[in-house]
Amino acid sequence: MQLTFHGTLSSIANGNTRHARQSLLEIAYGGRRLLIDCGRDWLGGLPIIDPVALLLTHAHDDHSGGLACGAPCPVYAAASTWEKIADFPLHQKVCVPLQQPFYIAGIRIEAFALQHSPRAPAVGYRIQAGRSVVFYCPDVARIPSQRQALQGVQLYIGDGAAYRQSLLRVEDGRLCGHAPLSAQLQWCAEAKIPRMLATHCGAEIIANENQITRQLQTRAHRLGIQAGIAHDGMLLKLP
Ligand SMILES: [Zn+2]
Ligand SMILES: [Zn+2]
C-alpha cells in the first residue's frame, strides 16, 4: 500500500509551504486509489483522477467542505456525518457501519467512533492492505475503543493540531477538541505501535516545526517509537 499526503493542514487559516492545504490522504493499493477526507480548499479539483471511493472522517469543513459541489466517486461516511452534510449534491452515498469491517478495492477498512466534536461526530479508520495496518484519525480527543482500534497497528497517523497547548475541553461529559501529540504518542506506546506520523498540522507545528519535530522524536525514541510530521506531497510506501 502506498500513502500520499496531499493535504496536511488543519483548519487554521495560514499554513506554509509544507502544510498549505487541508486534509486529504490518498491510499493506493493494487493499482487503485481511494481518498480520505477532502477539506474545503480542495473544492473544484481533486489531486487524482478516478478515485474508487472517498471516505470522510467527519463533517467539519476542513475534512468535508471539498465535496460541497459534488464528488466524482462514491462517498463513504458514518450516519452521523451524513446528517450534517445532507445538502451536499452527492449521488453515491454509502453509510459506513461502526466497528464492522468492509472492503473497498481489496482494502479492509473498519471505522471506530472517536470523541472529537458533539456537532460533527468523527470516526477513525483502521486500514489494512497487504501486510500493513494503519490507523488514521486526523481529528481526535480520545479513542473510546482504543484497544480494539489500535491493536496490531504498524502506523498511527494522528492529529497534529496541538503539541503542548491544550485544545481539549469537556462537553456533556465527553472530551472534545484535539488531543496533544504527547498523549497520542502515549496511546501508541500502550498499543506497541512502532511508528507515528502527525498530520492535520496546527499553529504550533506551523510556527516551529523543526523544534517540535526534535522534541517529538526525542520523546518517541524513549518509548521505542519512530515519529515524524507528515507534509503536503509526502509519499510513503508500506509493505
Ligand atoms: Zn480538522
Ligand atoms: Zn474536526
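Please refer to the structure higher up on the page.
Everything quoted here is computed from the prediction, not taken from an experiment.

Q: Run through the sheet that holds strand β2 (residues 24-29), naming residues and quoting values.
A: Strand order in this open sheet of 7 strands is β6-β5-β4-β3-β2-β1-β16, and the pairing throughout is mixed. Of all the strands in the sheet, the pair left with one neighbour each is β6 (93-96) and β16 (234-237). The average undirected angle you get between the axes of adjacent strands in this sheet is 25 degrees. Sheet topology places strand β4 (residues 53-55) next to strand β5 (residues 75-78); 2 bridges connect them, and they run parallel. For Leu-55, the partnering residue across the bridge sits in β5 and is Tyr-76.

Q: Residues and numbers for the pairing of strand β3 (residues 32-36), please.
A: Pairing geometry for β2 and β3, over 5 bridges, is antiparallel. By the bridge assignment for β3, Glu-26 is matched with Leu-35. In textbook terms, the turn of a hairpin is the stretch between consecutive antiparallel strands, and for β2 and β3 this stretch comprises 2 residues, one of which, Gly-30, has a positive phi near 60 degrees. Note that β3 and β4 share 3 bridges and pair parallel. By the bridge assignment for β4, Leu-34 is matched with Ala-53.

Parameters at a glance
Residues numbered from 1 in each chain as written. Chains lettered and ligands numbered in written order. Predicted model: local features only at pLDDT ≥ 70, side-chain atom pairs only at ≥ 80, totals over all residues. Heavy atoms only, no water. Pairing = 2+ DSSP bridges. Helix = DSSP H or I, 4+ residues; strand = E, 2+ residues; numbered from the N terminus. Axes fitted to C-alpha atoms, helices over the stretch in contact; angles between N-to-C directions.

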